[in-house]
Amino acid sequence: MIEIGDTLISSALFSEQFVCDIAQCHGDCCKEGDGGAPVSDSEISLIESAVPAVESMISAEAKEVIKNQGVVYTDPDGEHLTSLSPSKECVFAYKKDGVWQCALETAYLAGKCAIRKPISCYLYPVRVKKHKKFTAVEYHQWNICKCACENGKRLKVPVYKFLREPLIAAFGSAWYSELCLAAQSFYESEYYKKNY
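Computed from a predicted structure; not experimentally measured. (Residues numbered from 1 in each chain as written. Predicted model: local features only at pLDDT ≥ 70, side-chain atom pairs only at ≥ 80, totals over all residues. Heavy atoms only, no water.)

Caption draft 1: Structural context of the pattern of salt bridges. For the structure on display, the rule yields 3 salt bridges. A salt bridge links lysine 31 to glutamate 32; the nearest nitrogen and oxygen atoms lie 2.7 Å apart. Given the relative accessible area of 27%, lysine 31 is considered partly exposed. For the salt bridge of arginine 116 with glutamate 105, the shortest nitrogen-to-oxygen distance reads 2.8 Å. Of this pair, arginine 116 sits in the loop between helix H5 (103–109) and helix H6 (119–122) while glutamate 105 sits in helix H5, placing them 11 residues apart in sequence. Through salt bridges with shared partners, a single ionic network connects Glu105, Arg116 and Lys117. (Salt bridge = Lys/Arg side-chain N within 4 Å of Asp/Glu carboxyl O. Buried < 20%, exposed > 50% of the residue type's maximum accessible area, 1.4 Å probe, protein only. Helix = DSSP H or I, 4+ residues; strand = E, 2+ residues; numbered from the N terminus.)

See below:
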């Protein structure tokens, strides 16, 4: 683990490679999994205010869920997650040319809303877990992202480089600069030379 401020970062961000391969996975992360995407308290109002901008893209069933339940639900652990359509995809997911897309991101890139997507989605395959005294920044492996791992290895792009923009959005540019220095030290270490 690497320590930067109050964050503890898994060295897997340096040792693993990852580049999304949407042509292979078809954006299945929008519809697979045990629940919706984690959403922070501060993101809820931004997502709520984005609903008018995405209504033309999402399904009638998704609109009904948002109307009745809201943009998020709370799981048994007290975590807020994006609401799901009856067919289990995120309410903000829509299909275009056989690929799942995020309506929030589409609206954001068109300048129609203030949130790109929940930071948990933007940061994937990194997961952030807040603890009492520190924040864990960990690499998460998911079978549907196997093609992204293969693509990352082919292109030789480590996770932390692939996620440059979302990591800066989440932690700031100064933090990311420190992360890059930590990566350099990791690659120069005897541990890396022996194991990779």
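Caption draft 2: Representation of the pairing of strand S7 (residues 126–130) in the model. Of the strand pairs in this sheet, S7 and strand S8 (residues 135–139) are connected by 5 bridges, and their pairing is antiparallel. Its bridge partner being in S8, valine 126 is matched across the sheet by tyrosine 139. Between S7 and S8, which follow one another and run antiparallel, lie 4 residues. (Pairing = 2+ DSSP bridges.)

Caption draft 3: Spatial organisation of the confidence of the model for the chain. Model confidence for the chain is summarised by a mean pLDDT of 95, while 100% of its residues fall at 70 or above. Per-residue pLDDT, averaged within each element of the chain, yields its smallest value for helix H11 (residues 190–195) (85) and its largest for helix H8 (residues 159–162) (98). (pLDDT = per-residue confidence, 0-100.)

Caption draft 4: Structural view of helix H4 (residues 60–69). Among all positions in H4, only Ala62, Val65 and Ile66 are buried. For H4, the arc enclosing every buried residue in end-on projection is 95 degrees, short of the 170-degree limit, so these residues lie on one face. Of the residues in H4, the exposed ones pointing more than 90 degrees away from the buried face are Ala60, Lys67 and Asn68. Just past H4, the residue glycine 70 takes up positive phi, approximately 100 degrees. (Arc of directions from axis to C-beta.)

Caption draft 5: Expanded view of the packing of aromatic side chains. Tallying each qualifying case throughout the model produces 11 aromatic pairs. Between tyrosine 124 and tryptophan 142, the ring centres sit 5.8 Å apart and the planes meet at 80 degrees, which makes this aromatic pair edge-to-face. Taken together, the residues tyrosine 124 in the loop between H6 and S7 and tryptophan 142 in the loop between S8 and helix H7 (146–155) connect sequence positions 18 residues apart. Aromatic pair phenylalanine 186 and tyrosine 191: ring centres 6.2 Å apart, planes at 55 degrees, arrangement tilted. The exposure class assigned to tyrosine 191 is partly exposed, which follows from its relative accessible area of 46%. (Phe/Tyr/Trp six-rings, centres within 6.5 Å; stacked < 30°, edge-to-face > 60°.)

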